[in-house]
Amino acid sequence: MQRLLSFTVLVAASLAAQAQPAVDVSRSTRQGVDGSLAARGATQFNGSQLDAVRRGNAVSDGQGNAAARRGGAFTTADGTQGQRSTQYRRSDDGSVDASRNGSVSGDKGSAEGSRSFERSANGEASGQRSTTATRAETGVTYEGSTTYTKGSGFSRSASCVDA
């Protein structure tokens, strides 16, 4: 019984001695008399197994124009890293464009991807998406992409390249 109690106390003391994760969150919003709006936010997390940050902002002029941007990144205890960013814009004429990019890399391999979309004021639209992934152990790489154009449809391609 004494050994079990000593072990329990040792484990509890070890857990209590580990650093507690820290989280920091900030947000703000501002609205103008003209109907404009601005907002921003950020979150940061620091722990023994993961460090991560996320930020974003958005603005609007009250006339139909708006833009937003956000992004984030992380690093794990084993060195794996990743990031992602997104952007969006809308104009008062109805045109829109948006994009997203992201990547991750670690001891098992890496991957990255991107996508975008555009729509003009006259209704023309197009988009694309691409992905690349590589397995570290074998060096085999996959590459794939898709494109879209309103009125023409989709086009896809993919390939695997052996190291």
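This structure is a prediction, so every number in the text was calculated from the model and none was measured.

**Brief notes about the pairing of strand S6 (residues 96-106)**
Thought 1: Of the pairings in the sheet, the one linking strand S5 (residues 81-90) to S6 comprises ten bridges and is antiparallel in character. Pairing of Thr-86 across the sheet is with Arg-100, part of S6.
Thought 2: Linking two consecutive strands that pair antiparallel, namely S5 and S6, is a turn of five residues; a positive phi of about 95° is found at Gly-94 within it.
Thought 3: A loop of two residues connects S6 with strand S7 (residues 109-119), the two strands running antiparallel in sequence.

**With respect to the side chain of Thr-86**
Thought 1: The topology assignment puts Thr-86 in strand S5.
Thought 2: In this structure Thr-86 comes out as buried when scored by relative accessible area, which is 16%.
Thought 3: A distance of 3.4 Å separates polar atoms of two side chains, one belonging to Thr-86 and the other to Arg-100.
Thought 4: With residues up to four places along the chain from it excluded, the contact list for Thr-86 reads Ala-68, Arg-69, Arg-70, Ser-99 and Arg-100.

**Some words on the pattern of salt bridges**
Thought 1: Per the stated rule, a full pass over the model turns up two salt bridges.
Thought 2: A salt bridge links Asp-97 to Arg-89, with the nearest nitrogen and oxygen atoms 2.3 Å apart.
Thought 3: On the basis of relative accessible area, Asp-97 is assigned to the partly exposed category, the value being 26%.
Thought 4: The class for Arg-89 is partly exposed, based on a relative accessible area of 37%.

**What to know about the side chain of Ser-91**
Thought 1: For Ser-91, the position within the fold is in the loop between S5 and S6.
Thought 2: Here Ser-91 is in contact with Gly-64 and Asn-65, once residues within four sequence places are set aside.

**Structural notes on the pairing of S7**
Thought 1: Judged from the eleven bridges that link them, S6 and S7 form a sheet pairing that is antiparallel. Across the sheet, residue Ser-103 finds its bridge partner in S7, namely Glu-112.
Thought 2: Examined bridge by bridge, S7 and strand S8 (residues 125-135) share eleven bridges and lie antiparallel to one another. Its bridge partner being in S8, Ser-116 is matched across the sheet by Gln-128.

**What about a positive patch on the surface?**
Thought 1: A cluster of basic residues, Arg-27, Arg-54, Arg-70 and Arg-84, forms a positive patch on the protein surface.
Thought 2: Position of Arg-70 among the secondary structure elements: in strand S4 (residues 66-76).

What counts and how
Residues numbered from 1 in each chain as written. Predicted model: local features only at pLDDT ≥ 70, side-chain atom pairs only at ≥ 80, totals over all residues. Heavy atoms only, no water. Pairing = 2+ DSSP bridges. Helix = DSSP H or I, 4+ residues; strand = E, 2+ residues; numbered from the N terminus. Buried < 20%, exposed > 50% of the residue type's maximum accessible area, 1.4 Å probe, protein only. Polar contact = N/O pair within 3.5 Å; in protein donor to acceptor, adjacent residues only side chain to side chain. Contact = heavy atoms within 4.5 Å. Salt bridge = Lys/Arg side-chain N within 4 Å of Asp/Glu carboxyl O. Patch = residues over 30% accessible without salt bridge, like charges linked within 9 Å, V, L, I, M, F, W, Y side chains within 5 Å. Areas by Shrake-Rupley, 256 points an atom, 1.4 Å probe, with all protein chains shown as cover. Lys, Arg positive; Asp, Glu negative; His and termini not counted. Charge placed at Lys NZ, Arg CZ, Asp CG, Glu CD.

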